[in-house]
Amino acid sequence: MLRHAARRLVSRTAAAPIARRALATAEVPAEAAEDSTFVEAWKKVAPNIEPPTTPLSLMQPRPPTPATIPTKLTVNFVLPYKSEIANKEVDMVIVPATTGQMGVLPGHVATIAELKPGVLSVHEGNDVTKYFVSSGFAFVHANSIADIVAVEAVPVDQIDPALVQKGLADFTAKLGSASTDLEKAEAQIGVDVHSALNAALTG
């Protein structure tokens, strides 16, 4: 019975306009809400069973977009194993996007940027904190909140220059002796990351 209900729900809800189901940043409600379209469809095919919880009902409400541009940018910076920065108000962040260095100020247009190996800098007045990030994404929301997710990151001042030079030399040698496409790809990634690390230390 549940399998049939699921099939019917998929076919009916799939016909709903994309705009009704999209969870765009600017449209996240200020208060938690349930997916009414899903609930109505569920009740039609399984009226005696409580509808399951949907992702929409689990989402944390996001503050509405302010009428005026805030003076500060709220930043969240997380790694798979810890939160580096949580709800911190700063003046600006600069992220190493694949399209180039991207500065984010309060009131920045909503966007998503893929990150490449490089330096993420957090600016608070005259203080600048720099992290080296390996890869990830930056989600900039219309309400002056920036969520930055990185696979790996380390403060630039904790990087050992000697180890960076050794790693760059090792991967350069591996790239020169690589015989298969896999070996070449792995060596090239090592060269790219260590080159970015070296640039972070010397830049």
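Looking up the protein in an unreviewed UniProt entry gives the name ATP synthase subunit delta', mitochondrial, with the organism given as Miscanthus lutarioriparius. The heading Sequence similarities (unreviewed entry) in the UniProt record of the protein holds the text "Belongs to the ATPase epsilon chain family." For the protein, the Subcellular location (unreviewed entry) comment in UniProt is given as "Mitochondrion inner membrane".

Asker: Can you explain the overall build of the protein? Please cite residues and give values.
Answerer: The number of helices and strands found in the protein is six helices and ten strands. The burial tally for the protein puts 32% of its 203 residues in the buried class. Looking at the protein alone, contacts between residues at least 24 apart form 54% of all its contacts between residues at least 6 apart.

Asker: Tell me about the pairing of strand β3 (residues 92-97), and please be specific about residues and values.
Answerer: Look at any regular strand and the pattern is simple: side chains alternate between the two faces of the sheet. Looking at chain direction, β3 and strand β6 (residues 118-124) are connected through three bridges and run antiparallel. Directly across from Val 93, in β6, lies its bridge partner Val 122. Here β3 pairs with strand β4 (residues 100-104) via five bridges, running antiparallel. If you follow Val 93 over to β4, its bridge partner there is Val 104. Where β3 folds back on β4, the antiparallel hairpin that results is connected by two residues.

Asker: I'd love a proper account of the pairing of strand β9 (residues 145-150), names of residues and values included.
Answerer: With five of six residues buried, β9 is to be regarded as a mostly interior element. For strand β1 (residues 73-79) and β9, the ladder comprises five bridges, and the chain directions are parallel. Paired with Asn 76 across the bridge in β9 is Asp 147. Taken together, the five bridges between strand β8 (residues 136-140) and β9 define a ladder with antiparallel strand orientation. Residue Gly 136 lies in a different strand from β9, and its bridge partner there is Ala 150. Following β8, the chain reverses through four residues before pairing antiparallel with β9; Ser 144 in that reversal takes a positive phi of roughly 65°.

Asker: Go over the environment of Thr 65, please, and point to the residues and values.
Answerer: Positionally, Thr 65 belongs in the loop between α4 (55-58) and β1. For Thr 65, a relative accessible area of 44% puts it in the partly exposed group. Taking the C-alpha atoms as reference points, Thr 65 and Ile 145, separated by 80 residues in sequence, lie 9.6 Å from one another. With residues up to four places along the chain from it excluded, the contact list for Thr 65 reads Ala 142 and Asn 143.

Asker: Which residues make up the pattern of salt bridges, and what are the values?
Answerer: What the rule picks out here adds up to four salt bridges. Taking the shortest distance from any N to any O, the salt bridge between Lys 82 and Glu 84 comes out at 3.1 Å. A salt bridge links Asp 170 to Lys 166; the nearest nitrogen and oxygen atoms lie 2.9 Å apart. With Asp 170 and Lys 166 both in helix α5 (residues 161-177) and four residues apart, the pair spans about one turn of that helix. Of the residues examined, Asp 170 reaches a relative accessible area of 34% and is grouped as partly exposed.

Asker: So, the nonpolar core: which residues are in play, and what are the values?
Answerer: If you look at the biggest cluster of nonpolar residues, it comprises 23 residues, and the most contacted ones within it are Phe 77, Val 93, Val 95 and Ile 148. Top element by residues in this core is β1. It accounts for four residues. Beyond its immediate sequence surroundings of up to four residues, Ile 148 is in contact with Val 75, Asn 76, Phe 77, Val 78, Val 93, Val 95, Leu 115, Leu 120, Phe 137 and Ala 138. Of all hydrophobic cores here, the second largest spans eight residues; its members include Phe 132, Val 156, Ile 159 and Ala 200.

Reading the values: rules and limits
Residues numbered from 1 in each chain as written. Predicted model: local features only at pLDDT ≥ 70, side-chain atom pairs only at ≥ 80, totals over all residues. Heavy atoms only, no water. UniProt positions renumbered as here; feature names shortened; annotations may be inferred. Helix = DSSP H or I, 4+ residues; strand = E, 2+ residues; numbered from the N terminus. Buried < 20%, exposed > 50% of the residue type's maximum accessible area, 1.4 Å probe, protein only. Contact = heavy atoms within 4.5 Å. Pairing = 2+ DSSP bridges. Salt bridge = Lys/Arg side-chain N within 4 Å of Asp/Glu carboxyl O. Core = buried A, V, L, I, M, F, W, Y, C linked by side-chain atoms within 4.5 Å.

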